[in-house]
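Single-letter residue listing:
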Amino acid sequence: MENSISNISLALRDARSAEADAVNSELEGTLPAAFQATLDKYAVVPTANVKIVIVLAYYRSGSTFVGELLSSGSRTYFHFEPLHLFTTAGRLRPGRESDAFQLLDEIVAAWIERNKDIAQSIRIVHLVRDPRAIFASRKRLNWCIQDKQCGKAEALCAQMRSDIDGVRELAARMKTRHVYTLFFERLAANPVNETQRLFASLDLDFAPSVLDYLSKHTSGTFRDHMNMFSTRRNSKLVIDRWKRRLSRRSIFDIEKTCGDVLQKLGYEILMQHPYSTNVTTPYSINVTTPNGVRKEK
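Owing to the predicted nature of the structure, the values given are computational and were not obtained by experimental measurement.

(A) Examining the overall build of the chain more closely. In terms of regular secondary structure, the chain is built from 13 helices and seven strands. By the burial criterion, 36% of the 297 residues in the chain qualify as buried. Long-range contacts, defined as pairs at least 24 residues apart, comprise 64% of the intrachain contacts of the chain with a sequence gap of at least 6. Carbon together with sulfur atoms contributes 53% to the accessible area of the chain, which is approximately 18200 Å² in total.

Now the structure itself:
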């Protein structure tokens, strides 16, 4: 009986292998033709004209939207979260740091080393968003809130604090126009103008396809808004939604932890007085609604 099972398993494995070989053979016959057709349609871009854009962002900061936006132009390739394989809750897993940096080195450094004339075209985009808004978005994900890194404002702001200083140092060492700080709120409030400004800084073509992407992804249906991972949103309503989703205590706690980060990025601190359950903190919040702006006490 054991031999019969072994023989059956071996036969199944051989059948799957033969099937895979057939598929591979079929692909080998079509891929070169498709590749050649692409080469015939699009001229090979000299390496000196290739532009590398590295987006530095945070989980729930609008990074997927920005990545899709940058790749909405023609002949653009977007490598989505290349280090995702080595992360958990948006952070590198302990013990996998060397693997992550080796991959990053191969993707960027080694490739640049082989194509030295492309080094001057590298651009860095630092995507920032109000940490209170990031935290409010993360709170909607149970796994994130339960994670000591993803669900803690202290961890988020420590990362942002370090990145702000690092990006400023990098900007001082590189050409100023090679490092661009993109504010999510400005992009959401004025998508077309901010995208034009971004693309001009990165020397990217503002093609009709970019406008088409913006028109389809800066407005959304109710189903889109209920989908946590959709990039289709009414962008102007997203800006200050955190003011309705976070309690006063949460806002105060985040501002206490992230006050210096908020100030460095130019965000308004709403709660100026120590929080107390026995004292009403005098502050108001402007909330954008479909009918205009209202104040919440």
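(B) Structural detail: the environment of Gln149. The residue Gln149 is located in the loop between helix 5 (142–145) and helix 6 (153–173) in this model. By relative accessible area, Gln149 is classed as partly exposed at 31%. Taking the C-alpha atoms as reference points, Gln149 and Thr88, 61 residues apart in sequence, are found 9.3 Å from one another. If we skip the residues at most four places from it in the chain, Gln149 touches Arg91, Arg138 and Ala155.

(C) How the structure looks around the nonpolar core. Among the nonpolar cores identified, the biggest contains 25 residues, and Met160, Trp242, Leu246, Ile254, Val261, Leu265 and Tyr267 are the most heavily contacted of them. Elements represented by at least two residues in this core include exactly helix 4 (131–138), helix 6 and helix 13 (248–265). Among the elements that take part in this core, helix 13 stands out by supplying seven residues, more than any other. In this view, Ile254 contacts Arg132, Phe135, Ala153, Leu246 and Gly259; residues no more than four positions away in its chain are not counted. Counting 20 residues, the second-largest nonpolar core is a separate cluster that includes Leu69, Leu182, Leu187 and Val210.

(D) Spatial organisation of the side chain of His178. Assignment of secondary structure puts His178 in the loop between helix 6 and strand 5 (179–183). Here the side chain of His178 touches Ile122 through a polar contact of 3.5 Å, landing on its backbone oxygen.

(E) Region of interest: the layout of surface pockets. The space that makes up the second largest pocket amounts to roughly 200 Å³. Looking at the second largest pocket, it is lined by 14 residues, and the ones nearest its centre are Asp130, Arg132, Glu185, Tyr267 and Glu268. Those elements giving two or more residues to the lining of the second largest pocket turn out to be helix 7 (184–189) and helix 12 (242–245). Across the lining of the second largest pocket, the residue classes break down as six nonpolar, one polar and seven charged.

(F) The arrangement of the confidence of the model for the chain in detail. Here the chain averages 78 in pLDDT, while 77% of its residues score no lower than 70. Across residues 1–29 the pLDDT falls below 50, and counting only partners more than four positions away or on other chains, this stretch makes one contact in the model. Counting contacts from residues 273–297, a segment whose pLDDT is below 50, to residues more than four positions away or on other chains yields 52 contacts.

(G) Seen up close, the sheet that holds strand 1 (residues 53–56). Across the sheet, which stays open at both edges, the three strands sit in the order 1-4-5 with parallel pairing between neighbours. Either end of the sheet is taken by a strand with one partner, and the two such strands are strand 1 and strand 5. Here the average twist between neighbouring strands, direction ignored, is 20 degrees. In the sheet, strand 1 pairs with strand 4 (residues 123–128) via four bridges, with the strands oriented parallel. Among the inter-strand pairings, Val55 is bridged to a residue of strand 4, identified as Val125. The strands touched by helix 8 (residues 191–202) within the sheet are strand 1, strand 4 and strand 5, with strand 5 carrying the most contacts at an inclination of about 165 degrees.

(H) Main features of the environment of Arg138. Its place among the elements puts Arg138 in helix 4. In this structure Arg138 comes out as buried when scored by relative accessible area, which is 6%. Each C-alpha atom, one on Arg138 and one on Tyr59, is 8.0 Å from the other, the two residues being 79 residues apart in sequence.

(I) View of the state of the cysteines. The full count for this structure, using the stated rule, is two disulfides. Paired by a disulfide, Cys157 and Cys258 hold their sulfur atoms 1.8 Å apart. Across the disulfide from Cys157 to Cys258, rotation about the S-S bond amounts to roughly 95 degrees, and the bridge is consequently right-handed. Taken as a pair, Cys157 in helix 6 and Cys258 in helix 13 lie far apart in primary sequence, 101 residues in all. Taking the relative accessible area as the measure of exposure, Cys157 reaches 1% and is therefore buried. For Cys258, a relative accessible area of 0% corresponds to the buried category.

Analysis parameters
- Residues numbered from 1 in each chain as written.
- Predicted model: local features only at pLDDT ≥ 70, side-chain atom pairs only at ≥ 80, totals over all residues.
- Heavy atoms only, no water.
- Helix = DSSP H or I, 4+ residues; strand = E, 2+ residues; numbered from the N terminus.
- Buried < 20%, exposed > 50% of the residue type's maximum accessible area, 1.4 Å probe, protein only.
- Contact = heavy atoms within 4.5 Å.
- Areas by Shrake-Rupley, 256 points an atom, 1.4 Å probe, with all protein chains shown as cover.
- Core = buried A, V, L, I, M, F, W, Y, C linked by side-chain atoms within 4.5 Å.
- Polar contact = N/O pair within 3.5 Å; in protein donor to acceptor, adjacent residues only side chain to side chain.
- 1 Å grid on protein atoms, 1.4 Å probe; cavity = no way out; pocket = protein on both sides within 12 Å on 5 of 7 lines; lining within 4 Å.
- Points joined across faces, edges and corners; volume = space filled by probe spheres on them.
- Nonpolar A, V, L, I, M, F, W, Y, C, P; charged D, E, K, R; others polar.
- pLDDT = per-residue confidence, 0-100.
- Pairing = 2+ DSSP bridges.
- Axes fitted to C-alpha atoms, helices over the stretch in contact; angles between N-to-C directions.
- Disulfide = S-S within 2.5 Å.

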